[in-house]
Amino acid sequence: KNFRIHPRLRMRDFGRFMLKQLEVESKGRYDALLVDVRSDQPDTLRFMVSQGFMPMLNAPLYDPHVSDITSIKFLGKEDSLLTAEAKKVIIANSI
């Protein structure tokens, strides 16, 4: 699904609320959430990282001229398997 916030609703925690609701409804049904963000959307990427998503892959998915950054957020114990240092390395090497 697409995740977009109308400009007039930005900076009002609406996106955070929607992501949190998605996590609550997905726990127990899915192990993780995957998202992709166009590399020319740095604010959106920073938002996703601030919400716990870890960039994993940087590759053009939809447009050969613009790369997309695919990120993951584990919904269970899997997240605890990665140390904070390992997460930093993954993020640094994928962007």
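Positions within a chain are numbered from 1, following the residues in the order the chain's sequence is written. Only residues with pLDDT of 70 or above have their local features reported here, since the model is predicted, and side-chain atom pairs are shown and tallied only from 80 upward, although totals for entire chains, interfaces and linings are computed over all residues. Hydrogen atoms and water are omitted, and side-chain values are computed over all heavy atoms in the structure.

**Q** Pulling in residues and values, what's your account of the sheet that holds strand β3 (residues 66-74)?
**A** At least two DSSP bridges between two strands are required for those strands to pair. Helix and strand assignments come from DSSP, with helices taken as H or I runs of at least 4 residues and strands as E runs of at least 2, each series counted from the N terminus. Taken together, three strands build an open sheet; the order of strands is β1-β3-β2 and the sheet is antiparallel. The outermost strands of the open sheet, each flanked by one partner alone, are β1 (32-38) and β2 (54-63). Direction aside, the axes of adjacent strands within the sheet are offset by 30 degrees on average. With six bridges joining them, β2 and β3 adopt antiparallel strand pairing. Bridge pairing in β3 links Ala59 to Asp68. Any two residues whose heavy atoms approach within 4.5 Å are treated as being in contact. Convention adopted: a line fitted to C-alpha atoms gives each axis, helices being fitted over their contacting stretch, and angles between N-to-C directions are expressed from 0 to 180 degrees. Across the sheet, helix α2 (residues 42-50) lies against β1, β2 and β3, angled at about 160 degrees from β1, the strand it touches most.

**Q** Account for the side chain of Ser71, with residues named and values stated.
**A** Structurally, Ser71 can be placed in strand β3. Among all residues touching Ser71, those that are not within four sequence positions of it are Leu33, Leu34, Val35, Leu45, Phe53, Met54, Pro55 and Met56.

**Q** Describe unusual backbone geometry, listing the residues and the values that go with them.
**A** The backbone of Met11 sits at a positive phi, close to 65 degrees, despite the residue not being glycine. Secondary-structure assignment places Met11 in the segment before α1 (14-26). A residue is classified by how much of its surface remains accessible, and Met11, at 83% relative accessible area, is exposed. Backbone geometry at Asp13 places phi at a positive 65 degrees, although glycine is not the residue there. Within the secondary structure layout, Asp13 lies in the segment before α1. According to the relative accessible area criterion, Asp13 is partly exposed, its value standing at 48%. Working definition: with a 1.4 Å probe on protein chains only, accessible area under 20% of the residue-type maximum means buried, over 50% means exposed, and in between means partly exposed.

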